[in-house]
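# Fold and contact review
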Amino acid sequence: MSLEIRYMKRIISTIIILAIVWSMAAQERQTIWPKGKMPHRQDHQIAAMTDEAGQEGFDADKNRIAYIEWYDAPAEDRRTGGCMILISGGSYECCCDVGLIKAWKERFTELGFQCVNFVYRTPRPTGLPIYQTAWEDGQRAVRMVRSQAEKRGFDPEKIGVISMSAGSHLALLLATSSQTPAYEWTDRVDDLPCHINWAIVNAPAYGTTDAESGTPALRQGYGSDVSLSKVFRFDDKTCPMSLHHGGKDIYAPQTSTLVYRQLRRMGIPAELHLYSDKGHGAFGLERGVEFMRQMGYMGPLEEVVSLMDMYPGDEARGSYAKEPVWPEGRIPDFQPEQCVPYIEWHIPAELSTKAIQIVYSGGAYARNDPDGFEVAPIRRYLNEKGMTVVTLKYRTPRPEGLAKHTTAWQDLQRAIRIVRSQAAERGLDPDRIGIMGSSAGGHLTLMGVTSSRHQSYWPIDETDRIPCNVQWGIGIYPAYALTDGLDGHNADNGNDDSNVLAPEFSFDLDTAPMLFIHGDADGYSAMGSVKTWEKMVMMGIQSDLHTLALRKHCFQRTSAPGTGSHTHLDRIWEFLTSKGFNK
């Protein structure tokens, strides 16, 4: 055989292989509209990710129709029976989140979900709302995905989306407004419903009325004449969501808090994850995974585990000391039926930071336990990380003739002063002190964080000349934070705008940033944490917040592995690290 013939055969073989590969790829990419039936076709619009559209020789005329692109099915032994639709952002000007789509595809395929990339038409249409053609494409795409469920081996009622930015605006439309037709019927595919079953929504843009024309939030989503955009209908097919937003996003995080508030009004489980000091971006993918696991989208939860069993001993503690909060006979507003307050120093064997975390429990201001599940695990966790913990036993039960928190607040202010006075001699930093409490202890934390300039007792000695402000606070399901729950469960779940923050919180000039972690189904409403977070943002104070779907009060006592309740202690260390408090 001549060299020329062998060469030609090689070329032909290569062409055949490329044709097969192209054919396989073509089978996995499906345009979603029948020929000539795409609504509102506009000649300037294309449907392509930016990596493809930016290639030399890209033919716009061959890429006019929105499409879905199917990825390889997950391994059979991992399949959950669910499907994830991946939606890029790009200001409705392009589909630019190539890296995110790749990362999401890899993570959710690994978790057992069929993944499909949805590429809608951009740039923005002329003469229509900025989202209109993308919304049309989105409703049609969901129907196309649902139509493929049996063929591809997933449940047509287990379809979720994950999205970014303008793609998250589109995801909110899909999640809240599926009963409003975005386009007229075209064929039998449109007989299928276009609702989705859950959504992980990252940094939704254009969600408030100061941004809905397609700009950053001009007034950061705040103002008496600024509200959530009315394009989101919140119909009876609105699905559970996990909302993720940076605290400094120019596409206001207020969008996410307002959506969360409406979901709660409707009794729809949801999570809200807010990240201090972060701008526009997708944060907390694993929080979205934990949300999906908690909601049962990955199958039954693993057997629950006790938090006390997870952290059974004080092996990491190097030294221990206990001392009273007040000199004998000098306790302000002394009431003999109350316990005697004290603090305990738990210093790790190996310090990694000079910061100090003060921790105390809840108990309705009727009792408190420095050795219970709300305190002991966190002191052991932080000791293992190399951080000093001081635990506080404050006076309970509630004092007669005074506000429920008064004597506990006095004890906290005094404890902070004692800790600050001794920090340097113990090799610690007197200007890196945080406080943390759960339930009533969370309310006490809000008092300590927001009202340190307010004198809770008359000074008794030189220690009381020391400031009692702190550098951070951690509120775990704080109770009594809103006016519909000043002395118990929130009567209205804290959702109504008329329910405002409790009047005892001063929000003075020493108010410190906080981390909030709260169960979404807590009778001591998660909206107390959300509204405090909003107040602090309005003051220019950046805080973190995480709510946990389906979880009630004391969410951490027992939890299933792989859920946010199970990993909540890591949120504490991440917060301390992100703010630089544990350096």
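Preceding this paragraph is the structure being described.
Definitions and limits used
Residues numbered from 1 in each chain as written. Predicted model: local features only at pLDDT ≥ 70, side-chain atom pairs only at ≥ 80, totals over all residues. Heavy atoms only, no water. Phe/Tyr/Trp six-rings, centres within 6.5 Å; stacked < 30°, edge-to-face > 60°. Helix = DSSP H or I, 4+ residues; strand = E, 2+ residues; numbered from the N terminus. Buried < 20%, exposed > 50% of the residue type's maximum accessible area, 1.4 Å probe, protein only. Lys NZ or Arg CZ within 6 Å of the ring centre and 35° of its normal. Axes fitted to C-alpha atoms, helices over the stretch in contact; angles between N-to-C directions. Parallel < 35°, antiparallel > 145°, perpendicular 65-115°, else oblique. Left-handed = near helix turned anticlockwise from the far one by under 90°. Contact = heavy atoms within 4.5 Å. Nonpolar A, V, L, I, M, F, W, Y, C, P; charged D, E, K, R; others polar. Salt bridge = Lys/Arg side-chain N within 4 Å of Asp/Glu carboxyl O. Expected span 1.5 Å × (residues − 1). Arc of directions from axis to C-beta. Pairing = 2+ DSSP bridges. Polar contact = N/O pair within 3.5 Å; in protein donor to acceptor, adjacent residues only side chain to side chain. Core = buried A, V, L, I, M, F, W, Y, C linked by side-chain atoms within 4.5 Å.

## Quick notes on the packing of aromatic side chains
Note on aromatic pairs: each is described by the distance of the centres and the angle between the planes. Under the counting rule described, the total for this entry stands at 22 aromatic pairs. Their ring planes at 15° and their centres at 4.1 Å tell us that Trp-198 and Tyr-297 sit as a pair that is stacked. With Trp-198 in strand β6 (residues 198-202) and Tyr-297 in the loop between α8 (285-294) and β9 (305-306), this pair connects stretches of sequence that are 99 residues apart. A relative accessible area of 0% places Trp-198 in the buried class. With centroids separated by 4.7 Å and ring planes inclined at 20°, the aromatic side chains of Trp-472 and Phe-581 adopt a geometry described as stacked. With Trp-472 in strand β15 (residues 472-476) and Phe-581 in the segment after α14 (568-578), this pair connects stretches of sequence that are 109 residues apart. The residues Trp-472 and Phe-581 share a single accessibility class, namely buried. A connected cluster of aromatic rings, assembled from ring pairs, spans Tyr-92, Phe-118, Tyr-120, Tyr-206 and Tyr-251. If you follow Arg-29 out to its NZ or CZ, it ends over the ring of Tyr-67, 4.2 Å from the centre. Over the ring of Trp-345 we find Arg-426, and its NZ or CZ is 4.1 Å from the ring centre.

## Digging into the packing of helix α4 (residues 132-147) against helix α6 (residues 166-176)
The geometry of α4 relative to α6 is characterised by a closest axis approach of 10 Å and an angle of 55° between their N-to-C directions. Comparing the axis directions of α4 and α6 gives the class oblique. Crossing of α4 against α6: the hand is right-handed. Every residue of α6 that contacts α4 at Ala-134, Trp-135, Gly-138, Gln-139 and Val-142 is listed here: Leu-170, Leu-173 and Leu-174. In terms of residue class, the contact of α4 with α6 is made up of six nonpolar, two polar and no charged.

## Description of the packing of helix α7 (residues 254-265) against helix α13 (residues 527-538)
The interhelical angle for the contact between α7 and α13, taken along N-to-C directions, is 160°, at an axis separation of 11 Å. As judged from the angle between their axes, α7 and α13 are roughly antiparallel. The crossing of α7 and α13 is left-handed. Along the contact surface, α7 presents Gln-254, Thr-257, Tyr-260, Arg-261 and Arg-264, while α13 presents Met-527, Val-530, Lys-531, Trp-533 and Glu-534.

## Topic: the pattern of salt bridges
Taken as a whole, this structure holds 34 salt bridges when the rule is applied. The closest approach of N and O atoms between Arg-121 and Glu-136, which form a salt bridge, is 3.3 Å. Taken together, the residues Arg-121 in the loop between β4 (113-119) and α4 and Glu-136 in helix α4 connect sequence positions 15 residues apart. Under the relative-accessibility criterion, Arg-121 is labelled buried at 2%.

## A few points about helix α3 (residues 98-110)
Spanning 13 residues, α3 covers 18 Å between terminal C-alpha atoms, matching the ideal 18 Å at 1.5 Å per step. Along α3, the residues classified as buried are Ile-101, Trp-104, Phe-108 and Thr-109. The arc enclosing the buried residues of α3, seen along the axis, measures out at 115°, which places them on a common side. As for α3, its buried residues are in contact with β3 (82-87), β4, β5 (159-164), β6 and α8. Just downstream of α3 lies Gly-112, where phi reads positive at about 105°.

## Side note on the environment of Met-49
By the secondary structure assignment, Met-49 is in the loop between β1 (29-31) and α2 (50-53). Judged by relative accessible area, which is 6%, Met-49 ranks as buried. Note: C-alpha distance between Met-49 and Thr-176 (127 residues apart in sequence) is 26 Å. If we ignore the near neighbours within four places in the chain, the residues touching Met-49 are Tyr-67, Ser-88, Cys-95, Asp-97, Val-98, Ile-101, Asn-117 and Val-119.

## Side note on the pairing of strand β8 (residues 270-275)
β8 sits mainly inside the fold: six of its six residues count as buried. Here β8 shows no split at all, with Ala-270, Leu-272 and Leu-274 on one side and Glu-271, His-273 and Tyr-275 on the other all buried. One ladder, built from six bridges, connects strand β7 (residues 241-246) with β8; its direction is parallel. Among the inter-strand pairings, Gly-246 is bridged to a residue of β8, identified as Tyr-275.

## Thoughts on the environment of Arg-64
You can see Arg-64 is positioned in the loop between α2 and β2 (67-70). Accessibility expressed as a relative area gives 14% for Arg-64, which makes it buried. Counting along the chain gives 22 residues from Arg-64 to Gln-42, while the straight-line C-alpha distance between them is 8.8 Å. Setting aside its immediate chain neighbours within four residues, Arg-64 contacts Met-38, Arg-41, Asp-43, His-44, Gln-45, Ile-46, Ala-47 and Arg-121. Polar side-chain contacts of Arg-64 include one of 3.4 Å to the backbone oxygen of Ala-60. Within the structure, the side chain of Arg-64 is placed 2.8 Å from the side chain of Asp-61, a separation counted as a polar contact.

## Comments concerning the side chain of Asn-202
Assignment of secondary structure puts Asn-202 in strand β6. Other than its neighbours up to four places away in sequence, Asn-202 contacts Trp-104, Ile-162, Ser-163, Met-164, Ser-165, Ser-168, His-244, Ala-282 and Phe-283.

## A few points about the nonpolar core
If you look at soluble globular proteins, the nonpolar side chains tend to sit buried side by side. Judged by nonpolar contacts, the single largest core of 137 residues is most densely connected at Met-84, Phe-108 and Met-292. For this core, the element with the highest residue contribution is helix α11 (residues 406-423), accounting for eight residues. Each residue touching Met-84, except ones within four places of it in the same chain, is listed here: Phe-108, Phe-113, Gln-114, Cys-115, Val-116, Gly-160, Val-161, Ile-162, Trp-198, Ile-200 and Met-292. In terms of nonpolar packing, the next biggest core, distinct from the first, is built from 26 residues, Ile-474, Ile-476, Tyr-477 and Leu-515 among them.

## Details of unusual backbone geometry
Geometrically, the link from Thr-122 to Pro-123 is a cis peptide bond, its omega value of -5° lying close to zero. Here Pro-123 is to be found in the loop between β4 and α4. Geometrically, the link from Thr-396 to Pro-397 is a cis peptide bond, its omega value of 0° lying close to zero. Of note, Ser-165 is a non-glycine position whose phi angle comes to about 60°, a positive value. When you line up the elements, Ser-165 lands in the loop between β5 and α6. Here the phi dihedral of Tyr-480 falls at roughly 60°; this positive angle occurs in a residue that is not glycine. Topologically, Tyr-480 is positioned in the loop between β15 and β16 (514-519).

## A few points about the environment of Val-500
Summarising the element assignment, Val-500 is placed in the loop between β15 and β16. On the basis of relative accessibility, which here comes to 44%, the residue Val-500 falls in the partly exposed class. Taking the C-alpha atoms as reference, Val-500 lies 8.0 Å from Asp-484; in sequence the two are 16 residues apart. Filtering out sequence-adjacent residues up to four positions away, Val-500 remains in contact with Ala-481, Leu-482 and Thr-483.

In short, the description is geometric, and any link to function would need to be established separately.
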